[in-house]
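# Observations on chain architecture
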Amino acid sequence: MKRFLPLLFLFACQTALAGWDGVDESTNVPISMSTSRPDKFKRGETVEVFDYADRNYHEVEIEHIRSHGENVKYEVYDKDMYMERVFIMNGKHR
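Residues numbered from 1 in each chain as written. Predicted model: local features only at pLDDT ≥ 70, side-chain atom pairs only at ≥ 80, totals over all residues. Heavy atoms only, no water.

To continue, consider the side chain of Asp78. Note on placement: Asp78 falls in strand 5 (residues 71-78). Accessibility expressed as a relative area gives 0% for Asp78, which makes it buried. Within polar-contact distance, the side chain of Asp78 engages the backbone nitrogen of Met81 at 3.0 Å. (Helix = DSSP H or I, 4+ residues; strand = E, 2+ residues; numbered from the N terminus. Buried < 20%, exposed > 50% of the residue type's maximum accessible area, 1.4 Å probe, protein only. Polar contact = N/O pair within 3.5 Å; in protein donor to acceptor, adjacent residues only side chain to side chain.)

A separate point is the environment of Glu61. Along the chain, Glu61 turns up in strand 4 (residues 56-68). For Glu61, a relative accessible area of 30% corresponds to the partly exposed category. Along the chain, Glu61 and Glu45 lie 16 residues apart, while their C-alpha atoms are 5.5 Å from each other. Apart from residues no more than four positions distant in its own chain, Glu61 is found in contact with Gly44, Glu45, Thr46, Glu75, Val76, Tyr77 and Lys79. (Contact = heavy atoms within 4.5 Å.)

Secondary-structure assignment places Ile62 in strand 4. Residue classification places Ile62 among the buried positions, given a relative accessible area of 1%. Along the sequence, Ile62 and Thr46 sit 16 residues apart, while their C-alpha atoms lie 6.3 Å from each other. Once residues lying within four places of it in the same chain are set aside, the contact partners of Ile62 are Phe41, Lys42, Arg43, Gly44, Glu45, Val47, Tyr74, Glu75 and Val76.

Attention now moves to the confidence of the model for the chain. Averaged over all residues, the pLDDT of the chain equals 82, while 74% of them reach at least 70. Strand 6 (residues 83-89) holds the highest mean pLDDT among the elements of the chain, 97, whereas helix 1 (residues 4-17) holds the lowest, 43. Note that pLDDT drops below 50 for residues 4-17; the model gives that stretch zero contacts with residues more than four away or on any other chain. (pLDDT = per-residue confidence, 0-100.)

In this section: the sheet that holds strand 2 (residues 30-33). Spatially, 1-2-3-4-5-6 is the arrangement adopted by the six strands of the closed barrel, whose pairing is antiparallel. This sheet shows a mean twist of 45° between the axes of neighbouring strands, independent of strand direction. As defined by bridge partners, strand 2 adjoins strand 3 (residues 46-51) across three bridges and the pair is classed as antiparallel. Paired with Ile31 across the bridge in strand 3 is Asp51. (Pairing = 2+ DSSP bridges. Axes fitted to C-alpha atoms, helices over the stretch in contact; angles between N-to-C directions.)

Pairing of side chains with opposite charge becomes possible as their charged atoms draw close. As enumerated under the stated definition, the model contains five salt bridges in all. Two residues, Lys73 and Glu25, come together in a salt bridge whose shortest N-O distance is 3.7 Å. In this pair, Lys73 is assigned in strand 5 and Glu25 in the loop between strand 1 (20-24) and strand 2, connecting sequence segments 48 residues apart. Here Asp51 ties to Arg85 by a salt bridge, and the two come within 2.7 Å at their closest N and O atoms. With Asp51 in strand 3 and Arg85 in strand 6, the pair connects residues that are 34 residues apart, well separated along the chain. (Salt bridge = Lys/Arg side-chain N within 4 Å of Asp/Glu carboxyl O.)

Take a look at the structure:
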């Protein structure tokens, strides 16, 4: 049983740190927002995003949030790349 406790702890941590997956609309490269509560995002908030294109975290400020079919469209300003970006996030979380 003691051998399984570290595995259980690791699984619990990964689940808590799981992000909300989507893609960058212009490049179609996957991104992941670091959150467990995407329904709480509001315009003007800064959130952390993992960008699989450069394998780095970026801070983005949310400018607009819109429904996009079954998904959610986020227009953001990437504070690390100094540019506006659009993310299409999987699933309707609003």
